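Close look at the chain arrangement
Now for the letters of each chain:
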Amino acid sequence: MESSVRLKKCVASVRMSKYLVEYLTAKYGVHPKTGGVRFPPGTDLYVLVWDAMRPARISPREESEEVADADSDGELKIHLPCSGMVSPYASKKSPEYWNYLSLSAKREIRAFVSLHFNFEFHRFMMKNEELGRPLQIREAVADFRRRYRIVSISEDGLLKNFARYRQKIAPSKKRKYTHKR
């Protein structure tokens, strides 16, 4: 009994878009006992969550803000880092006590995950283009969705995302026509 209560304290939840939850779940896997995504030590997400962990305290104001801030339809459960995994010189943060993520920390995690997803998706698509497009663009998007088991965002949404990115890094130039008279 005490073990299950202890494990429940080692999990924090962050609301974010469902496709980001699917991406992280497929990339890092789910801890079998807690049901939370466990980030490997040394990754940027691990360090971000480690730095954001605070002693548990919940005020009614922050709870109501989080409900109002819930603009997404997915919930990511994060298996909180344990104290011995970061560094022997780091401060000890037991997830049983340091199990609170503030609203601003959750926003920061959400923004970082979105940035990380976009980076990996754009890198995957650009690599396909650099190799002379061995896969058609739609096939590459489908392959990316299959790799990370993403079903909550359509291919068209990802194609549009990539088209915006490509337009941003290499804007198309309008042709100047000369009129002959």
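Before reading further, recall that the structure is shown in the block above.
Since the model is a prediction, treat every value here as computed from it, not as a measurement. (Residues numbered from 1 in each chain as written. Predicted model: local features only at pLDDT ≥ 70, side-chain atom pairs only at ≥ 80, totals over all residues. Heavy atoms only, no water.)

Our next topic: the pattern of salt bridges. Per the stated rule, a full pass over the model turns up six salt bridges. A salt bridge links R138 to D156, with the nearest nitrogen and oxygen atoms 3.0 Å apart. Residue R138 is located in helix α6 (residues 137-147), and its partner D156 is located in helix α7 (residues 155-169); the two are separated by 18 residues in the primary sequence. Relative accessible area serves as the criterion here: at 46%, D156 is assigned to the partly exposed category. (Salt bridge = Lys/Arg side-chain N within 4 Å of Asp/Glu carboxyl O. Helix = DSSP H or I, 4+ residues; strand = E, 2+ residues; numbered from the N terminus. Buried < 20%, exposed > 50% of the residue type's maximum accessible area, 1.4 Å probe, protein only.)

Not every positive phi belongs to a glycine, and R133 is a case in point at roughly 55°. With respect to the helices and strands, R133 occurs in the loop between α5 (103-130) and α6. R133 sits in the partly exposed class, given a relative accessible area of 40%. A positive phi is found at R149, a non-glycine position, where the angle reads about 50°. One can find R149 in the loop between α6 and α7. With relative accessibility at 56%, the residue R149 sits in the exposed group.

This next bit is on the nonpolar core. Core analysis: the biggest nonpolar cluster contains 38 residues, and M16, F39, I109, F117, M125 and I150 have the highest contact counts within it. Sorting the residues of this core by element identifies β1 (11-16), α2 (18-28), α3 (44-52), β3 (74-79), α5, α6 and α7 as the ones contributing at least two each. The biggest single contributor to this core is α5, with seven residues. Setting aside its immediate chain neighbours within four residues, M125 contacts I137, A140, V141 and F162. (Core = buried A, V, L, I, M, F, W, Y, C linked by side-chain atoms within 4.5 Å. Contact = heavy atoms within 4.5 Å.)

All right, on to the packing of aromatic side chains then. The tally for this structure, following the rule as stated, stands at eleven aromatic pairs. Measuring from centroid to centroid gives 5.8 Å for F117 and F144, while their planes differ by 65°, and the two rings are edge-to-face. Placement of the pair is F117 in helix α5 and F144 in helix α6, with a sequence separation of 27 residues. With respect to burial, F117 and F144 carry one shared label: buried. A connected cluster of aromatic rings, assembled from ring pairs, spans Y19, Y23, F117, F121, F124, F144, Y148, F162 and Y165. (Phe/Tyr/Trp six-rings, centres within 6.5 Å; stacked < 30°, edge-to-face > 60°.)

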